[in-house]
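Each chain is listed here by its residues.
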Amino acid sequence: MTGLLEILGLGASAELLSLSGWGGNLLRGLANSLQIAFGAFGLGLVIGLFGAYGKLYGGKVTRDLLAIYTTVIRAVPELVLILILYYVGSDIINQISEAMGGGRVEINGVAAGIWVLGVVQGAYATEVLRGAIQAVPTGQIEAAKSYGMPAIMIMRRVTIPAMMSFAVPGLANLWLIATKDTALLAVVGFNELTLETRQAASSTRAYFTFFLAAGFLYLMVTLCSGAVFARIEKWARRGQPSLKEGSA
Amino acid sequence: MDRATAAAPEQEPEPRREAIRVENLHKSFGSLEVLKGVDLTAQQGDVVAIIGGSGSGKSTMLRCINFLETPSSGKIVIGGEEVAMRADGSPANQKQIERIRTKLAMVFQQFNLWTHRTLLENVIEVPVHVLKMPKPQAIERARELLARVGLGGKEDTFPAYLSGGQQQRAAIARALAVDPSAMLFDEPTSALDPELVGEVLTVIRDLAAEGRTMLLVTHEMKFAREVANHVVYLYQGRIEEQGPPAEVFGNPQSERLKQFLSSVG
Ligand SMILES: Nc1ncnc2c1ncn2[C@@H]1O[C@H](COP(=O)(O)OP(=O)(O)OP(=O)(O)O)[C@@H](O)[C@H]1O
Ligand SMILES: [Mg+2]
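Residues numbered from 1 in each chain as written. Chains lettered and ligands numbered in written order. Predicted model: local features only at pLDDT ≥ 70, side-chain atom pairs only at ≥ 80, totals over all residues. Heavy atoms only, no water.

Asks: I'd like a description of the overall build of chain B, backed by residues and values.
Replies: Scanning chain B from N- to C-terminus turns up ten helices and ten strands. Scaling as 2.2 N^0.38, a compact globule of 265 residues should have a C-alpha radius of gyration of about 18 Å, and chain B matches this with 19 Å. Principal-axis analysis of the C-alpha atoms gives chain B an extent of 55 × 50 × 45 Å. For chain B, the residues scored as buried account for 52% of the 265 residues in total. Considering only residue pairs separated by 6 or more positions, chain B has 63% of its internal contacts joining residues 24 or more positions apart. As displayed, chain B has an accessible area near 11800 Å², and 48% of this comes from carbon and sulfur atoms. Considering chain B, the positive charge centre built from 30 side chains and the negative charge centre built from 34 side chains are found 3 Å apart. (Helix = DSSP H or I, 4+ residues; strand = E, 2+ residues; numbered from the N terminus. Rg over C-alpha atoms; globule rule 2.2 N^0.38 Å. Buried < 20%, exposed > 50% of the residue type's maximum accessible area, 1.4 Å probe, protein only. Contact = heavy atoms within 4.5 Å. Areas by Shrake-Rupley, 256 points an atom, 1.4 Å probe, with all protein chains shown as cover. Lys, Arg positive; Asp, Glu negative; His and termini not counted. Charge placed at Lys NZ, Arg CZ, Asp CG, Glu CD.)

So this is what it looks like as structure tokens:
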């Protein structure tokens, strides 16, 4: 029995995963991943909101630029984008720093990760939000206009709340993609969950244990996110009779 | 304000002031000319019914008055204030048009209540956020107005859970909440099941009786005859005939109006 566990590497798992050892590293990696996913998702939302409004109501130049942005980002594999954006981004920052007489700057891993993934998320969020805004019945916006609401207030008080129910399912997907895309940042040496896992696994040769543990952590993130988004969706759909009730 | 002055006992019955004036209004959609020079004046307290066949431009005219549609040319004067227009008819001063819109409350055929807000929230939305009325005061007034249109107790219900008639009455409460100097109704009962039309007409009838200025696009001829003091018949973007209801309905002059009236029964 003990022999079997030993062979599977499970006997030592508990010890390997202890918080003071590699297990703690994994959790720190997870925290980093979540921090980046959160930041990138937020940045993506902001870019997406401006992008969606720009695409719908912007001038010709704005619309063309946004079309290029969303097309290119969605066409190029994310891994390639991450490499490009990361190295281009750090290069630009260094050039600016040198031009201003400073030395080379150390790029903050979290900030870089957020910026890189945020730009990617922004392209998808632009399309999700554009679709959602278009799905808002025009009468909702006309009513607001006819009562003298200024454009910004219409956006804040009517369009955004009314589009939420259309946007939330797509945004939930984007969030899950964000959590998993953080794994791609391993290629630029950022200590997120996947890189920590790989390091732990190769140092201890307990591949099975560590990748299983990492898989479990990713799964937990997804399950928790699902629960949170279910609540958000319920809130966003307030005022709309559910299909279930309708058929009852 | 206006009511306070009107109620002052020592005052002479002053001449009624003009509420809405439209001069030589033109509107084209691309090459389609929908309004071909419409003139219309409503004094305060007037109930003007606008009738005409489908596509004659009734909705377009109403929507031009609060610039939901941009006129192609013409002049629009609300409460004595002319709306500044550019050469292409678009409002020259967005702030002005927003201010004027708060005095013109529109009631739509499809109600257009904000679906993610309860009835109470719908009614207080504009007073609180546009007119900057203190919230407790707005809520108190909203409750009164909802009770007045027969929706007391429905304050916390969302529009989708109500019948069309109830939604339209709530939309009227929302309109009244801004204390409008004129109300614009665009076929307020056309989207309703026949048995729900009456309850909405009753509310509008009350408003007419209390001296509200209203422009009312309607297909309900009997109702127009009863509540309006002026009827305008629109035909292909022009006013073909207008006058007091007894004249327009009882003794129509133009062949087209005669035909129209016999076709709608
Ligand atoms: N946004 C628009 N773009 C193009 N054409 C339009 C637009 N709005 C209205 N029209 C056209 O203008 C004409 C007048 O429309 P309008 O809605 O004012 O008519 P109406 O008198 O209100 O008719 P109904 O009784 O059917 O409501 C119609 O031919 C319509 O197709
Ligand atoms: Mg119409």
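Asks: Explain the site of ligand 1 residue by residue, including any values.
Replies: All names here are of chain B. Close to ligand 1 lie 13 residues, the nearest being Ser54, Gly55, Lys58, Ser59 and Thr60. Between ligand 1 and Ser56 there is a distance of 3.3 Å, counted from an oxygen atom to a backbone nitrogen or oxygen. For ligand 1, an oxygen atom lies 2.7 Å from a polar atom in the side chain of Ser59. Contact with the protein chains covers 60% of the free accessible surface of ligand 1, which is 640 Å². Listing elements by their share of the shell around ligand 1, those giving two or more residues are β2 (32-43) and α2 (58-65). When residues of the shell around ligand 1 are assigned to their parent elements, the largest contribution, three residues, is made by α2. Looking at the shell around ligand 1 residue by residue, the class counts come to three nonpolar, eight polar and two charged. (Near = heavy atom within 4 Å. Polar contact = N/O pair within 3.5 Å; in protein donor to acceptor, adjacent residues only side chain to side chain. Nonpolar A, V, L, I, M, F, W, Y, C, P; charged D, E, K, R; others polar.)

Asks: Describe the nonpolar core, with residues and values.
Replies: Inside soluble globular proteins, nonpolar side chains tend to come together where they are buried. Within the largest apolar cluster, 114 residues are counted, with the highest numbers of intra-cluster contacts made by Ile20(B), Ile51(B), Ile172(B), Phe185(B) and Leu215(B). At twelve residues, helix α8 (residues 151-181) of chain A tops the list of elements feeding residues into this core. Domain assignment of the residues forming this core places at least three in each of domain 1 (1-9 + 16-103 + 181-265) and domain 2 (110-179) of chain B. Contacts of Leu215(B), omitting those with residues within four sequence positions, involve Ile20(B), Leu40(B), Ala42(B), Val48(B), Ile50(B), Leu62(B), Ile65(B), Met183(B), Leu184(B) and Phe185(B). Core analysis: the second largest hydrophobic core is formed by 19 residues, Ala40(A), Ile73(A), Ile82(A) and Leu117(A) among them. (Core = buried A, V, L, I, M, F, W, Y, C linked by side-chain atoms within 4.5 Å. Domains from an automatic or database assignment.)

Asks: Residue-level account of the confidence of the model for chain B, with values.
Replies: All names here are of chain B. Confidence along chain B averages 91 in pLDDT terms, with 94% of residues attaining 70 or more. Helix α1 (residues 2-7) is the least confidently modelled element of chain B, averaging 46 in pLDDT, while helix α4 (residues 119-129) averages 97, the highest of any element. Across residues 1-8, where pLDDT falls below 50, the model places four contacts with residues more than four positions away in sequence or in other chains. (pLDDT = per-residue confidence, 0-100.)

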